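Listed below are the residues making up each chain.
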Amino acid sequence: MSDRVLSRIAVVVAIIFLCAAVFFAGKVIHQEIEYKKGNDTYDRIGQVASAENPAPSASSEPSSSPEQPEPSAIPEPVEPLEYDPDDVNFPNVSFEALKDVSEDIVAWLYLPDSEINYPVTQTTDNDYYLTHLADGTYNLNGCLFVDYKNTPGFADENTLIYGHHMQSGRMFACLINYADQEYYNEHPYLYLETPEARYKVVLFSGYTTESWSSAYNVRFGNEDDYVNWLNEVASKSDFSVAEPVTISTADHIITLSTCAYSFEDARYVVHGKLVERTPRG
């Protein structure tokens, strides 16, 4: 083969590698932009959620002033989302204001000293909020969402909440930290607020499992089945609870789920008991 042919082949290979590098670099940049847009949107939704009064509804008449900016899909923020230090950091969420973001928002979930500080949605499938923010914008961050099979209002024995394991550390990425006893010791509780009540979530188990495991059972045929399930999931935990957690068949559990990467279709789940602290209204 002549030197000229070899030279041309080398040029073609170099061009191919250059194009591939540009393609993948563009893809990474696009993802980073998507992630930032999602993060900014959730920060803004958090500000909206702190509104003391409901934001104007979509039916409100727009101002006639030509200088007024176009209305945003999300209401303008009022105050930063704050937590009451006298009530164990319970969020003070305005669900009336959040109605202007989405009618699908059913709760707010907060884990102190973590990235988890998000609205929780529920709709008629488990696909939509994998790729949409709480306001319906297409975005790779997705949104925390309750399994569509669950009865609304966290009324089932086990309510499932899903969220992505983002490389940025956002959404449910921190859940895998519960494999470390020290992390549990520093984060033994979450806080959940709904339009009806505020709950302390007492965590009692966290572990890696399959996407089809019993962790995803939402209802049980009888009390014995429920007790057996509670004993099963508690026995799998990576961490030991600081204080014994008493759970009866009258209690309700939430299970937080995100992707894990120790094997194909692996998931990391964290189970917690709902303890109502203060009713709303």
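Would you mind going over the overall build of the protein in detail, with residue names and values included?
If you tally the helices and strands in the protein, you get four helices and 10 strands. In the protein, the succession of α and β elements from N to C terminus is α-β-β-α-β-β-β-β-α-β-β-α-β-β. Burial status across the protein gives 43% buried among its 281 residues. Counting contacts in the protein only where the partners sit at least 6 residues apart, residues at least 24 apart contribute 67% of the total.

Tell me about the packing of aromatic side chains, and please be specific about residues and values.
With the rule as written, the count across this model stands at 10 aromatic pairs. Both rings, one in Tyr42 and one in Tyr118, keep their centres 5.3 Å apart while their planes meet at 75°; by these two values the pair is edge-to-face. Of the two residues, Tyr42 is situated in helix 1 (residues 3-49) and Tyr118 in strand 4 (residues 117-121); the sequence distance between them amounts to 76 residues. Here Tyr42 and Tyr118 have matching classes, each one buried. Judged by centre distance (5.2 Å) and plane angle (35°), the rings of Phe145 and Tyr162 are tilted. With Phe145 in strand 5 (residues 144-146) and Tyr162 in strand 6 (residues 158-162), this pair connects stretches of sequence that are 17 residues apart. The two residues Phe145 and Tyr162 agree in class, both being buried.

Can you tell me about the pattern of salt bridges, naming the residues and giving the values?
Counted according to the given criterion, the structure contains seven salt bridges. Linking Lys149 and Asp147 is a salt bridge whose minimum nitrogen-to-oxygen distance equals 3.0 Å. A relative accessible area of 39% means that Lys149 is categorised as partly exposed. Accessibility expressed as a relative area gives 0% for Asp147, which makes it buried. Notably, a salt bridge pairs Arg219 with Asp156, separated by 3.1 Å at the nearest N-O pair.

Tell me what's going on with the nonpolar core, and back it up with residues and numbers.
Looking at soluble globular proteins, one finds that nonpolar side chains tend to be buried together. Ranked by internal contacts, the top residues of the largest apolar core, which has 62 residues, are Leu98, Leu109, Ile161 and Tyr178. Per-element tally for this core: the top contributor is strand 8 (residues 197-210), with six residues. Not counting chain neighbours up to four residues away, the residues in contact with Ile161 comprise Val120, Leu144, Phe145, Val146, Phe154, Phe172, Ile254, Thr255, Leu256 and Ser257.

Residue-level account of the side chain of His187, with values.
Inspection of the secondary structure assignment puts His187 in the loop between helix 3 (181-186) and strand 7 (189-193). Among the polar contacts made by the side chain of His187, one reaches the main-chain carbonyl oxygen of Asp113 at a distance of 3.4 Å. Among residues more than four places away in sequence, those in contact with His187 are Leu111, Pro112, Asp113, Tyr178 and Leu203.

Which residues make up unusual backbone geometry, and what are the values?
In most cases, non-glycine residues show a negative phi, while peptide bonds are predominantly trans. Backbone geometry at Phe154 places phi at a positive 55°, although glycine is not the residue there. Along the chain, Phe154 turns up in the loop between strand 5 and strand 6. By relative accessible area, Phe154 is classed as buried at 7%.

For the side chain of His271, give the residues involved together with the corresponding values.
Among the secondary structure elements, His271 is positioned in strand 10 (residues 266-279). Excluding residues that lie within four positions of it along the chain, His271 makes contacts with Val202, Leu203, Phe204, Ser205, Tyr207, Ala215, Trp229, Val233, Ile253, Ile254 and Thr255.

What counts as what
Residues numbered from 1 in each chain as written. Predicted model: local features only at pLDDT ≥ 70, side-chain atom pairs only at ≥ 80, totals over all residues. Heavy atoms only, no water. Helix = DSSP H or I, 4+ residues; strand = E, 2+ residues; numbered from the N terminus. Buried < 20%, exposed > 50% of the residue type's maximum accessible area, 1.4 Å probe, protein only. Contact = heavy atoms within 4.5 Å. Phe/Tyr/Trp six-rings, centres within 6.5 Å; stacked < 30°, edge-to-face > 60°. Salt bridge = Lys/Arg side-chain N within 4 Å of Asp/Glu carboxyl O. Core = buried A, V, L, I, M, F, W, Y, C linked by side-chain atoms within 4.5 Å. Polar contact = N/O pair within 3.5 Å; in protein donor to acceptor, adjacent residues only side chain to side chain.

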